[in-house]
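An overview of the molecular structure
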Amino acid sequence: MEPSVLMPLPALLKTRDRVVLISGASRGIGRAVAEKLAAQGYRVSLGLRDPKAFKPLKTKLPASRLLTHPYDARAAGSAESWVAATAKRFGRIDAVVANAGISYRFSIETGDEAELDAMWETNAKGPMRLFRAAWPYLKKSGTGRAVAVASLSAKRVKSADFAGYAMSKYALLALTHSLRFAGWDYGIRSSAICPGYVATDMTAHVKLDRARMIRPETVAEIVALALSLPNNASSVEIPVNALLEHSY
Ligand SMILES: NC(=O)c1ccc[n+]([C@@H]2O[C@H](COP(=O)([O-])OP(=O)(O)OC[C@H]3O[C@@H](n4cnc5c(N)ncnc54)[C@H](OP(=O)(O)O)[C@@H]3O)[C@@H](O)[C@H]2O)c1
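Now for a description of the structure that goes with this document. Quick caveat, the model's predicted, so the values are computed rather than measured. (Residues numbered from 1 in each chain as written. Predicted model: local features only at pLDDT ≥ 70, side-chain atom pairs only at ≥ 80, totals over all residues. Heavy atoms only, no water.)

Regarding helix α4 (residues 163–183)
In plain terms, the rule: Secondary structure elements follow DSSP: runs of H or I no shorter than four residues count as helices, runs of E no shorter than two count as strands, and numbering proceeds from the N terminus. In a helix, the anticipated span is given by 1.5 Å times the number of residues less one. Burial classification: accessible surface area is computed with a 1.4 Å probe over protein chains only, and a residue below 20% of its type maximum counts as buried, one above 50% as exposed, and the rest as partly exposed. Contacts are assigned to residue pairs with any non-hydrogen atoms lying within 4.5 Å of each other.
Helix length check: α4 (21 residues) gives 30 Å between terminal C-alpha atoms against 30 Å at 1.5 Å per residue, within 8%. Among all positions in α4, only Gly164, Tyr165, Ala166, Ser168, Lys169, Leu172, Leu173, Leu175, Thr176, Leu179 and Gly183 are buried. Against the buried residues of α4 lie α3 (113–141), β5 (145–149), β6 (189–195) and β7 (237–240).

Okay, here's the thing in structure tokens:
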């Protein structure tokens, strides 16, 4: 159960030896999060569609501190087997970063409904399955953290073209809010990180100078902060603007 509110909590949680799962860590934001958390002393479990293709992190970790495991957000049972392997290796789970995601154009008039389904499954249902599988361990942690890499597209819609992506990310934000209620009494805190343009493969098509986009390493810093906020400092939504566009 949650520690007594009468005990003073640290300004930030100690990161050393905490166990974190990160999905989609092969590249982009997830890779930057893995690098950051490994450097902070977490024991790191990476869910990857192709673990054999994974290139070692800059922080060299022994097998006692790093697990790479097959994970496909769209495959039933995949989250459960990754979580079980992580618990077996490390004996506990303190945090989950649901980062894996995809983006396709889909509007009311154009777009392939199979791609809409793929976004729903990867961006909304995948994180739900992953948090659900890890939930018993997060409850036991006392300071469990459930972080979703959502998007500013979870907060606002700025064109017709990415209606499907926004639908999936609004759903992910709703899930994150619901986790806040489900986990509060157990010390679980949930956060949705909501960045605008980040310079990764996902934005390769965007006609905007990449120097003006958010760096994946910056998102990783924000994820790290969300993971280490103490139980009495919960931030369920963290919008991050690359450009002056809206008031969040
Ligand atoms: N880039 C942006 O501007 C931006 C802005 C806001 C939010 N986001 C969100 O941030 C997250 C990471 O995006 P990114 O920009 O880093 O994109 P990215 O470079 O395209 O990387 C996407 C990651 O998700 C993984 N992935 C995709 N489908 C998967 C599945 N079915 N199962 C497991 N893993 C899967 C990919 O693995 P593979 O290597 O195997 O394909 C890859 O590791 C996404 O949720 C995205 O929606 C991105």
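Examining the pattern of salt bridges
This is how the line gets drawn: The rule for a salt bridge is simple: a side-chain nitrogen of Lys or Arg has to be within 4 Å of a carboxyl oxygen of Asp or Glu.
Evaluation of the coordinates by the stated rule reveals 13 salt bridges. Asp17 is paired through a salt bridge with Arg65; the nearest N and O atoms lie 2.9 Å apart. Residue Asp17 is located in the segment before β1 (19–23), and its partner Arg65 is located in the loop between β2 (43–48) and β3 (66–70); the two are separated by 48 residues in the primary sequence. For Asp17, a relative accessible area of 34% translates into the label partly exposed. For Arg27, the salt bridge goes to Asp201, with nearest N and O atoms at 2.8 Å. Taken together, the residues Arg27 in the loop between β1 and α1 (28–39) and Asp201 in the loop between β6 and α5 (216–228) connect sequence positions 174 residues apart.

Considerations on the site of the ligand
Heads up, the condition is: Nearness of a residue to a molecule or strand requires only that one of the residue's heavy atoms be within 4 Å of it. Two N or O atoms form a polar contact when they lie within 3.5 Å of each other; inside protein one atom must be a possible hydrogen donor and the other a possible acceptor, and for residues adjacent in sequence the pair counts only when both atoms belong to side chains. Under this grouping Gly is polar, as are all residues other than the nonpolar Ala, Val, Leu, Ile, Met, Phe, Trp, Tyr, Cys and Pro and the charged Asp, Glu, Lys and Arg.
The full set close to the ligand counts 28 residues, and Ser26, Arg49, Asn99, Tyr165 and Thr200 are the nearest of them. Arg27 places a side-chain nitrogen or oxygen 2.8 Å from an oxygen atom of the ligand. Ala73 is positioned with one of its backbone polar atoms (N or O) 2.8 Å from a nitrogen atom of the ligand. Mapped by element, the contributors of at least two residues to the shell around the ligand are α1 and α4. For the shell around the ligand, the residue count by class is twelve nonpolar, ten polar and six charged.

Some points on the sheet that holds β1
The condition is simple: Pairing between strands requires that DSSP locate at least two bridges from one strand to the other. For helices, the axis comes from a line fit to the C-alpha atoms of the stretch in contact; other axes are also lines fit to C-alpha atoms, and the angle between any two N-to-C directions lies between 0 and 180 degrees.
Pairing is parallel across the open sheet formed by seven strands, whose spatial order is β3-β2-β1-β4-β5-β6-β7. Every interior strand has two partners, whereas the edge strands, β3 and β7, have only one. Strand-to-strand, the axes of this sheet are offset by a mean angle of 15°, without reference to chain direction. Strand direction decides the pairing type here: β5 and β6, joined by five bridges, are parallel. Looking at β6, one finds that Ala148 is bridged to Ala192. Seen against the sheet, α5 touches β1, β4 (95–98), β5, β6 and β7 and runs at an angle of roughly 165° to β6.

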